Amino acid sequence: MASTVDSSVSDLFSSAPALLSNLGILSPDQIELAKILIENGQTHLFLHWPELGVSDKEKLSFFEQIARLNSSYPGGLAAYIKTAKELLADSKIGKNPYDGFSPSVPSGENLTFGSENFIEMEKRGVIEAKEAAFVLVAGGLGERLGYNGIKVALPRETTTGTCFLQHYIESILALQEASHKVASEGSEGDIPFIIMTSDDTHSRTQKLLESNSYFGMKPTQVHLLKQEKVACLDDNDARLALDPNNKYKIQTKPHGHGDVHSLLYSSGLLDKWLDAGLKWVLFFQDTNGLLFNAIPASLGVSATKQYHVNSLAVPRKAKEAIGGITKLTHDDGRSMVINVEYNQLDPLLRASGFPDGDVNCETGYSPFPGNINQLILELGPYKEELQKTGGAIKEFVNPKYKDSTKTSFKSSTRLECMMQDYPKTLPPTARVGFTVMDIWLAYAPVKNNPEDSAKVPKGNPYHSATSGEMAIYRANSLILQKAGVKVGEPVKQILNGQEVEVWPRITWKPKWGMIFSDIKTKVGGNSEVSRRSTMAIMGRNVFIEDLSLDGALIVESIDDAEVKLGGLVKNKGWIMENVDYKDTSVPEEIRIRGFRFNKVEQLEKKFTQPGHFTLED
Ligand SMILES: O=c1ccn([C@@H]2O[C@H](COP(=O)(O)OP(=O)(O)O[C@H]3OC[C@@H](O)[C@H](O)[C@H]3O)[C@@H](O)[C@H]2O)c(=O)[nH]1
Ligand SMILES: [Mg+2]
């Protein structure tokens, strides 16, 4: 066999005789891949290979995987292994990734819900929205939550049961419509919606969309981009890890949400969007049910301040698992405003003159605003930057060492990257800013399982399915309150071991009210909603006027029906019953919340004909 291969190749492969003896089954492309592996210290992958004719199919499928790993990484496997060696060496000597930089608290835009500035920014944001594209990163497994399905299929709240994905789509559609309405002329384009998936989430995301007619979006408006996993590493020499169950397979793990940039770049979508006159790309994560409360105003801030990068932030509790937005100033004078991830903030602070590390200041919060990973990028400069980098994002490695010699790992590791690290390569002229909003308005992710949530230090947010749903009722209650409705005060309750505020269960469709000034036009007279009430508004032209609600009211209407909700509505309502998360007789998506509704009695109205209606109709 070896005689058909030129001598430089047989020299190169002399360290891997088992490979050499199998060259006959490999195509020229596969031999090239084999060269890359051998040149980059991966001889061990072939040590166990049997002679030609034995397990040949497995050997070929091994190279199919190698080809995929090589083509899905910018610069290929050689680049991956080279970077891995460098980062692992840095990690071994404990090199501080922020060496030479001193952290300080940056200043950004602060928005208070309902203020004049907030209302102006929201209106501006609606105007800009028709030039926006939305990108949802949803490739993560959600290991901390431990839910069996995909996270975007979870109900955002269980009063209507609307899942996160449906809510996101309906919010984008509502913004699109509102934006077209205020547009002076032309520009009736659809807002593109991109979802980054992975092998863990792709088919289930696709199925969720297809079986629900894309929740009202045009299928052509939605694009799924699947990220590939990257090779795992067994040791400090960046030797690729073989799958413990299949020695013809490299073990792989997710590379992180930073992949979204290279995927967008290589998809060709950015050019298409530029040609279509788009200006903004908005990135967001899988389970923040409050996010769209913050989108219009922050987009308004991006436009007014002409930010190339605008990150959304909320006040952060010390040690909370959200990154801190930090100003980093280098000894040589350069500086940047960037997210420092939650596991790195404390060591960075301790190493640079803050001996107490990540602690709250006199406000009761960390002085560093908390990153909610909602990024608004200006498309033009974004595209230019990606053209230089190919979409590659600065990576990191986080091996768990067996002992202090740092010579071996507890389990294989891999390189990772984060989407919020995008600004790290930007020139100093780039306009990078951030916008801080109220937590109650903007951030309530569902990330933690009930058991871990119950252990969260008192006063820190739970980030659980329970707190995520309660936050929606609280936000909607507060918004209606600020619009003039008398809303019953919340009660404290313990659900799945977490103390939460339970507000009236108020929820509405995005098209009912995207921005505060719209919502105010839908609310009039003297209205009140008692603390034990449930109210779901599923229609556009529904007006709350002199309503007194004590019980449950569910209203659904078509756009051409104008419905007035008024008068006294009193019934037994929906009662919240405790459910234990360990009670497997209850569906998982319910029991992780710690409660379910006993729908005892409600007034339920559906208006399916055009016209003017009241609750008596
Ligand atoms: O490989 C991946 C990993 C994650 N993701 C997605 O990225 C999003 C965030 O993932 P995680 O929930 O694991 O992120 P984390 O909670 O660890 O931190 C993230 O959110 C909170 C912020 O303060 C942090 O700065 C940010 O990194 C999810 O929507 C997830 O689906 C991917 O799309 N691909
Ligand atoms: Mg994570």
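Sequence order as written defines residue numbering, which begins from 1 separately in each chain. In the order they appear in the text, chains get letters beginning with A and ligands get numbers beginning with 1. Reporting of local features is limited, given that this is a predicted model, to residues whose pLDDT is at least 70; pairs of side-chain atoms are given and counted only at 80 or more, and all residues count toward the totals for whole chains, interfaces and linings. Excluding hydrogens and water, the side-chain figures rest on all heavy atoms present in the structure.

By the naming in an unreviewed UniProt entry, the protein goes by UTP-monosaccharide-1-phosphate uridylyltransferase and is assigned to Thlaspi arvense. UniProt, in the comment section headed Sequence similarities (unreviewed entry), describes the protein in these words: "Belongs to the USP family." UniProt positions are given in the numbering used here, feature names are shortened, and annotations may be inferred rather than shown by experiment.

Summary of the burial criterion: residues with accessible area below 20% of their type's maximum are buried, those above 50% are exposed, and those between are partly exposed, where the area comes from a 1.4 Å probe applied to protein chains only. Helix and strand labels come from DSSP, where a helix needs a run of H or I of at least four residues and a strand needs a run of E of at least two; each type is numbered from the N terminus. Regarding helix α13 (residues 379-389), the residues found buried are L379, Y382, K383, E385 and L386. Seen along its axis, α13 keeps its buried residues to an arc of 165°; they face one direction. Of the exposed residues in α13, those oriented more than 90 degrees away from the buried face are E384 and K388. Following α13 by one or two positions, G390 has its phi on the positive side, about 70°. Regarding the arc, it is the one traced by the directions from the helix axis to the C-beta atoms.

Right, let's talk about the pattern of salt bridges for a bit. Criterion for a salt bridge: a side-chain nitrogen of Lys or Arg within 4 Å of a carboxyl oxygen of Asp or Glu. In the structure shown here, the tally under the stated rule is 31 salt bridges. The salt bridge partner of E109 is K305, with a shortest N-O separation of 3.2 Å. Remark: K305 occurs in helix α11 (residues 291-305) and E109 occurs in strand β2 (residues 109-110); sequence separation between them is 196 residues. Residue classification places E109 among the buried residues on the basis of a relative accessible area of 14%. For K305, a relative accessible area of 41% gives the class partly exposed. Among the salt bridges present, the one from R532 reaches D550, with a minimum N-O distance of 3.1 Å. One end of the pair, R532, is in the loop between β25 (528-529) and β26 (534-538); the other, D550, is in strand β27 (residues 542-550), and 18 residues separate them in sequence. Residue R532 is classed as partly exposed on the basis of its relative accessible area, which comes to 33%. Several salt bridges share partner residues, and in doing so they unite E177, K511, R540 and D559 into one network.

Turning our eyes to something else, we now look at empty space enclosed by the protein. In this analysis a 1.4 Å probe is tested at points of a 1 Å grid over the protein atoms alone, and where it fits but cannot get out there is a cavity; an open set with protein on both sides within 12 Å along at least five of seven lines is a pocket; lining residues have an atom within 4 Å of a point. Grid points are joined across faces, edges and corners, and a volume is the space filled by probe spheres set on the points. Overall, the coordinates contain five cavities of 30 Å³ or more when judged by the stated rule. If you trace the largest cavity, you find 19 residues lining it, with F292, N293, W508, G513 and M514 closest to the centre. Elements represented by at least two residues in the lining of the largest cavity include exactly α7 (164-182), α11, α16 (465-482) and α17 (516-521). Here the nonpolar group is Ala, Val, Leu, Ile, Met, Phe, Trp, Tyr, Cys and Pro; Asp, Glu, Lys and Arg are the charged ones; every other residue, Gly included, is treated as polar. Residues belonging to the lining of the largest cavity are distributed by class as follows: eleven nonpolar, six polar and two charged. Among the elements of the structure, α7, β23 (505-508) and β26 are those that each provide at least two residues to the lining of the second largest cavity. If you tally residues by element for the lining of the second largest cavity, the top one is β26, at three residues.

What follows concerns the state of the cysteines. When the sulfur atoms of two cysteines share a covalent bond, that bond is a disulfide. When two cysteine sulfur atoms lie within 2.5 Å, the pair is treated as a disulfide. As enumerated under the stated definition, the model contains zero disulfides in all. Cysteine C232 shares no disulfide, and the gap to the nearest cysteine sulfur, in C417, comes to 14 Å.

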